Amino acid sequence: MIYINNKEKIEELQRIKDFTVITDFDWTLTTSISQTSMGIVPDYIGGELLKKRKEIFEYYHPFELDYKMPEDKKLLIMKEWAQKSFSLLSQYVTEEIVINATKNARTYLRSGVKEIFKTLNENNIPIVVMSAGFGNAIKIFLENEGVLYDNVILVANFFEFKNNKAKLDLENIIYTANKKYLSIPQNVRKIIEHKGKIILIGDIIEDIKMINKEQLHKTITFGFLDKNIDCNLKNYNEKFDIVLADNEDFNSIKHILLWKPTKV
Ligand SMILES: [Mg+2]
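Conventions used here
Residues numbered from 1 in each chain as written. Predicted model: local features only at pLDDT ≥ 70, side-chain atom pairs only at ≥ 80, totals over all residues. Helix = DSSP H or I, 4+ residues; strand = E, 2+ residues; numbered from the N terminus. Buried ≥ 20, exposed ≤ 12 C-beta atoms within 10 Å, placed from the backbone. pLDDT = per-residue confidence, 0-100. Contact = placed C-beta atoms within 7 Å. Core = buried A, V, L, I, M, F, W, Y, C linked by C-beta atoms within 7 Å. Pairing = 2+ DSSP bridges. Right-handed = clockwise from strand over helix to strand, strands pointing away.

1. Concerning unusual backbone geometry
In this structure, Asn228 is a non-glycine residue whose phi angle is positive, near 50°. Its location among the elements puts Asn228 in the loop between strand S8 (219-225) and helix H9 (229-239). Classification of Asn228 as exposed rests on a count of 9 C-beta atoms within 10 Å. The phi torsion at Asn247 lies on the positive side, around 60°, for a residue other than glycine. Following the sequence through the fold, Asn247 ends up in the loop between strand S9 (242-245) and helix H10 (250-257). On the basis of neighbour counts, which here come to 14 C-beta atoms within 10 Å, the residue Asn247 falls in the partly exposed class.

So, in structure tokens, the structure goes:
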């Protein structure tokens, strides 16, 4: 089901043909039943890591979906979640494990992603994939799927592997509630600002923070909504220009990117 909320704005922006894409990864590029980038390694290793990870996830995930919680409180809780998750993962992960786990992952691109990425690559349109997830796994996954083109810029949390130890700066971690435009490398931001329009795609409301507020008027925001639809639809419709509810795919986005709004 597709909800178009700002028809006038979208039609206005459709006249601008030069654009860039900023998209989230987990449950945006991937289907809502997919393992997340943070879940790939624990599911592969199993045992104690999986058990601890599940406990952490089950405790913190409801907060992520709670849009009634004050923003500053949520920010702290989300940071704590990310730090605990990455700290746990660092105790178990190696480069080899990431490669094998990603190969075996039950993570699937939404229909239409491959085609859109190919088209965007052919047209030299930058795609920023910004994720609070596990960058090393996302990179390998996109590579395996054949969509890590040279116009794809990945902004996520990457472990550095030295002497088989995984290192990550936990203080400067990207987490769901602090995704922000400034995390995008400066040279890429310059290109984004030079282009006329931004296409932003996410699956939680915080994903809209991948751009600055001042950029909203020239951005078409797409929000996938596959979980808790009844209780979140109103809020999503208020925040996103277009809401793609109940396991929609990228073909709908493609229609809009192809500047044929009446087809949607
Ligand atoms: Mg997501």
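Having seen the structure, we can now continue with the description.
2. Observations regarding the confidence of the model for the protein chain
Averaged over the protein chain, the pLDDT score is 92; the fraction of residues at 70 or greater is 97%. Element-level pLDDT for the protein chain is lowest in H10, with a mean of 85, against a maximum mean of 98 in helix H7 (residues 135-144). Note that residues 260-264 has pLDDT below 50 and, in this model, 11 contacts with residues that lie over four places away or in other chains.

3. Description of the nonpolar core
Counting residues in hydrophobic clusters, the biggest one holds 60 residues, and the most contacted among them are Ile22, Val41, Val128, Ala137, Leu200 and Phe222. With near-sequence residues (within four places) excluded, Val41 lies in contact with Leu89, Tyr92, Val93, Ile97, Val98, Ala101 and Ala137.

4. Notes on the pairing of strand S4 (residues 152-157)
Bridge analysis of strand S3 (residues 127-134) against S4 gives five bridges, and the strand direction is parallel. Counterpart to Val128 in the pairing with S4 is Ile153. Once the chain exits S3 it traverses H7 before rejoining the sheet at S4, and the crossover so formed is right-handed.

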